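# Summary of structural features
The residues making up each chain are set out below.
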Number of protein chains: 2
Amino acid sequence: MDFTKTKADLSQLIGEKKVIQKNDGTMDEALFNSYGTDRTKVYPPNYQVLVFPENTEDVAAVVSYAYKNEIAIVPSGGRTGYAGGAVAKNGEIVISLSKMNQVVDFDPFLGTLHVQAGMITKNLHKEAEERGFYFPVDFAATGSSHIGGNIATNAGGVRVVHYGLIRDWVLGLTVVNGKGETYRFNGEILKNNTGYDLKHLFIGSEGTLGIITEAVVKLTKPPKDIRVIFLAVSEYKNILEIFRETHNFDLPLLAFEFLTDYCLDKVKEHLGVPDPFPAPSKYYVLMEFEVNSETDEEKLYTIIESITEKELITDGSIAQNSRQNETFWKYREGISESLSLAYTVHKNDISLPLRNMEAFLDEMTTLLTKKYQGFHIALFGHIGDGNLHLNIVKPKDLTDAEFFTQCKQVDPEMFTLIQKFKGSISAEHGIGLLKKDYLNFSRSQSEIDTMRAIKLAFDPKGILNPGKVL
Amino acid sequence: MDFTKTKADLSQLIGEKKVIQKNDGTMDEALFNSYGTDRTKVYPPNYQVLVFPENTEDVAAVVSYAYKNEIAIVPSGGRTGYAGGAVAKNGEIVISLSKMNQVVDFDPFLGTLHVQAGMITKNLHKEAEERGFYFPVDFAATGSSHIGGNIATNAGGVRVVHYGLIRDWVLGLTVVNGKGETYRFNGEILKNNTGYDLKHLFIGSEGTLGIITEAVVKLTKPPKDIRVIFLAVSEYKNILEIFRETHNFDLPLLAFEFLTDYCLDKVKEHLGVPDPFPAPSKYYVLMEFEVNSETDEEKLYTIIESITEKELITDGSIAQNSRQNETFWKYREGISESLSLAYTVHKNDISLPLRNMEAFLDEMTTLLTKKYQGFHIALFGHIGDGNLHLNIVKPKDLTDAEFFTQCKQVDPEMFTLIQKFKGSISAEHGIGLLKKDYLNFSRSQSEIDTMRAIKLAFDPKGILNPGKVL
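Since we're looking at a predicted model, the values are computed, not measured. (Residues numbered from 1 in each chain as written. Chains lettered and ligands numbered in written order. Predicted model: local features only at pLDDT ≥ 70, side-chain atom pairs only at ≥ 80, totals over all residues. Heavy atoms only, no water.)

The next point concerns the sheet that holds strand S7 (residues 170-177) of chain A. Residue and element names in this part refer to chain A. As summarised here, the arrangement of the five strands in space is S5-S6-S9-S7-S8, forming an open sheet in which the pairing is antiparallel. The strands lining the two open edges of the sheet, one partner per strand, are strand S5 (103-107) and strand S8 (182-185). Strand-to-strand twist in this sheet, taken as the mean axis angle between neighbours without regard to direction, amounts to 15°. With five bridges joining them, strand S6 (residues 112-116) and strand S9 (residues 210-218) adopt antiparallel strand pairing. Across the sheet, residue Thr112 finds its bridge partner in S9, namely Lys218. In the packing of helix H3 (residues 56-69) onto the sheet, the strands contacted are S7, S8 and S9, and the crossing angle to S7 comes to about 35°. (Pairing = 2+ DSSP bridges. Helix = DSSP H or I, 4+ residues; strand = E, 2+ residues; numbered from the N terminus. Axes fitted to C-alpha atoms, helices over the stretch in contact; angles between N-to-C directions. Contact = heavy atoms within 4.5 Å.)

Dropping the structure here:
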C-alpha cells in the first residue's frame, strides 16, 4: 500500500497537522508506535499512518475515506487495555482520539456531561468535581485511559459493587460507523423507547462496530465522606462471608476488593509501602463505605464488631485520614503496576456467579497447582462483583515464549472450568486479540454468528478494528 | 391458510392441550380475541390459532415450525401495552406466555430471581418479598402485565427516578429468535465483557427480534419506610423547582410525579376518592421518599419547609398511614383507569431533557390550545424522568373516527416540537403499530436502516411480530 498517498489524501481531507506518517520527522518512532498498541505487550505494533482528528466530522471524513479505499482502521484511546484491542499490527490507519478532549456541554439540572471521547478519565472526574458532581467509574488506569475507550470496553473498576459498570452511566453516544456515517444516539434523555437500543451495542464492542467520538455521561453527587478498611483474613471462604455480612447493614458499600499475600508482598517490594499489620496473613480485604452521619459511623463499627465476633478476620484497621486511605488503596491498586515493573505476567480476568465462587476456587486451585507447578500466581480483584484477576507470573528460568506457550495450554482447561460454573472468561478486560480464540467458552455459536451479522450491518467492509473480538 | 392443519401440526409438536383454534369449543371467542390485542383498542384482533407453551422448548418448537412454514407470530404477554405492540390482526399465530409463570431459580447470595417470562409482575413482587427482597419496577398495570412483556417493552413506571428502567434490573435473558434458535444470555453474572451485549437489543424490541421466555432479574433490599407527600402547585415552573430542591438534600427520592387539576377531577369522579385539599389547585405533585431514621425524617421536614418558604407550593400534606399513602397514589395511578372508563382518549407518552422542559411546555401549550380547541387534555406523568403522559380526551360531539383523524393531524406537529427540543416521541410505551409512522422523529434514517439489518439477523424471514416498530 502507498502510505505516502494515504497521508497526502488524509491531509487534504482533515488538515496536514492532523496526519503523521511513520518517520516523517514529526514524531519520535517509539512514541509513534505507542499509539498502535496497548498494555498487553504481546503484539508488536506495525503501522504507517496515524491521525489526530479534532472532532466527529474529522473522524467521519477519515472513516469515509478508509471505507472507499478499503483500508483498515484501529481506534486508539488511552491504550491501557489488557486484551490487545487497540493494537495496529497489520498496517492499519490508527485514529487517535487524544486531541478530542473537550467538554461539549453540561446540564446542571440533572448533572450530565457531554464530552469528546478522547478526554482522559481522570480529567472527566475533575470536570465533574468542579461542577459539584461526581463520576464514579474509577480504576488504576484512569490517569491515562480515555472515556471513549472506557465506553468501548465497558470499563468496570473498583466501585462497580456500588455504582455499576460504565454502561450504567452512558446516556448518549456519538458514533461513526464503518461506512463513515454518524449516529447520535439518545442525547441526554432518560427514557426513550423508540426501537432497538443501538447505544448498548457499542458499549463494550471494542471499536469493531464504530468509533465513539462523543458521549453524554450521567453524573451523581459525591459521597460525603468515606471510610476505608483493610482486613487480614485467613481463608477465602471468610471473604465471601464478610461480603455477605456487609449486606445486613444499611450502609453503602462502595468497594469490596481482595488480594493474596503474594500480591501484597509485590506491592511492598516495588512501591515501598509499609506493612498493614504486624503479622502476615494469607488474604486481605479492602472495604470502602460511604459514611454520611454519626448513625452511619455506628453502623460501620457494628459491621466490624460483627465480623470480628464471628472470627472472620484475624486483624483489621480503619484508615484514619486521607493519606492512610491512599495507602490502603495502594495495596490493591498497586498490584498490576508492581507486577508489570518486574515480571512477565499472563493475565486472566474472569467472573463467576458469587454463589459458585467457593466451589470454583477449590477446583481452580487444584487445576492451577497441578498445571503451573512452582509458578507464582497473583490473585486479586473485585470479589464483590464475582470478578477475579488471576495473574500467572513467569518463572525466571523460562523464556517468554516458553511461558506463554504453557499458559496457552492451561487457559482452555481453566475456561472449561469457568464454563462449568457459568462464569465469564473476560469480566472487564474484553476480548480483543488475546481472548478471541476462546470467545466460544462464554458465547454460543449462534450468538457468535449473530454478532458477525451485526458487525456486517455496521461495518460492511470489515474495516473497523479487524481481527478483534470476532 | 389452513389453520386446522396449523393447529393439528402444533398439537403434535407441543401437545393438544396447549393449542387452541378460534371457535374450536374450548375457549370463549371474546377471551380468545383478548389474547391477540392490547389496551390501545385501535386495532381489532383477527387471528385463528393461539398457543400456550409451558417452557422455552415449547416456544422454540412453535417458532421453528412457523419459520419452516413462513407463518407470522405475535408474542402475547399481559396485553397492557398502549402502542399496539401485541396485536394480532393478520392471522398470525399468537403465542401466549401466560402458562410460563414459574420461578426457575433463586440466588439468596446476591438476590437474583430466575423466572419464566409469563410471570405477572405483581407476582414477581411477591416472590421477591417472600424471600426478603424487593423488585422495584412498578406501575399501575403490574397486576396484569408479565415480566417478559415488561422487558420486551423496557417498562418504566413510577419509581424510575430512583431505581431506573427495567433494563437496569435484567441480568440474564433466555430468548428464542426468529429461526427458533434459543439464546441464553449472560445467566446471573454481573460482569461479562465478551463481545456485543445482545441482551440489551432484546430489551425494548417489542417482540420483533425474539421471544423472551425466561429472565434473571436482580432484586434489591426493600426501602425500610416510605413517606408519601402530596402537594398543590400553582405553576408548572414550580414543579421543576421543587424537583431541583429535593436534590439538595441527601434523602432518597423514590418517585416524583405530577398531574393537572383535570386529571384529579376525573379520578375523584370515577374512583370516589376525597379531595386532597380544601382549595383546588392547577397542578399537583406526588413525592415519595425513603426514610430510614430520625435524621431522614428531619431532612424530610427541611425539604418541605424549604419549598414552603420559597412559595413553590400552595398546600401540602404528608400521608399519615399506609391507607393515606394509597389514597395519594390513587390520585396519580388512577388517572389512566378513570379516563378509559368514561372516555375515548388519544395517548402520547413523550420525554424531554429536563432542562428543555419549561420551554417545551410553553410551546406545546400554545400548539395544543390552537389545534385542539375546546378539547380536554389530561397531562400527568413521571416529571422527574422528563416523561409526560399527554392524553387528548375526545369531545362528546365527535365520532371516534373524526377524533382520531384530527389527532393524527396534530401528532406530527407535536413530534416536530419534541424533535426540536431533543426529546423522544415514546418515553416508555414503545412504538408498536401506533407510533411506527413517526419513528423518524426520534431515530435517524441510518439508525432505522441499521435496525432493519439487525432485525434481519435475528429474524431472517420476518415472522416475529411483523409490522411492529419498523
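More follows now that the structure is in view.
Let's shift gears to the pattern of salt bridges. Evaluation of the coordinates by the stated rule reveals 62 salt bridges over all chains. The salt bridge partner of Glu288(B) is Arg159(B), with a shortest N-O separation of 2.7 Å. One end of the pair, Glu288(B), is in strand S12 (residues 283-290); the other, Arg159(B), is in the loop between helix H5 (147-152) and helix H6 (160-163), with 129 residues separating them in the sequence. Each member of the pair, Glu288(B) as well as Arg159(B), is classed as buried. In this structure, a network of salt bridges that share partners links the residues Asp105(A), Asp107(A), Glu188(A) and Arg355(B). (Salt bridge = Lys/Arg side-chain N within 4 Å of Asp/Glu carboxyl O. Buried < 20%, exposed > 50% of the residue type's maximum accessible area, 1.4 Å probe, protein only.)

What follows deals with unusual backbone geometry. The phi torsion of most residues other than glycine is negative, and most of the peptide bonds are trans. Phi at Arg79(A) takes a positive value of approximately 55°, unusual for a residue other than glycine. The residue Arg79(A) is located in the loop between strand S3 (73-76) and strand S4 (93-96) in this model. By relative accessible area, Arg79(A) is classed as partly exposed at 21%. Its identity as a non-glycine residue notwithstanding, Glu206(B) has a phi of 55°, on the positive side.

Let us look at the relation of the copies chain B and chain A. Look at the two chain copies: a rotation about an axis and a shift along it is all it takes to match them. Expressed as a screw transformation, the operator carrying chain B onto chain A has a rotation angle of 180° and an axial translation of 0.0 Å, and the superposed copies differ by an RMSD of 0.0 Å. In symmetry terms, the pair is related by a two-fold rotation axis. A high fraction, 100%, of the interface residues of chain B reappear at the interface in chain A, so the copies pair face to face through one surface. (Least-squares fit on C-alpha atoms with pLDDT ≥ 70 in both.)

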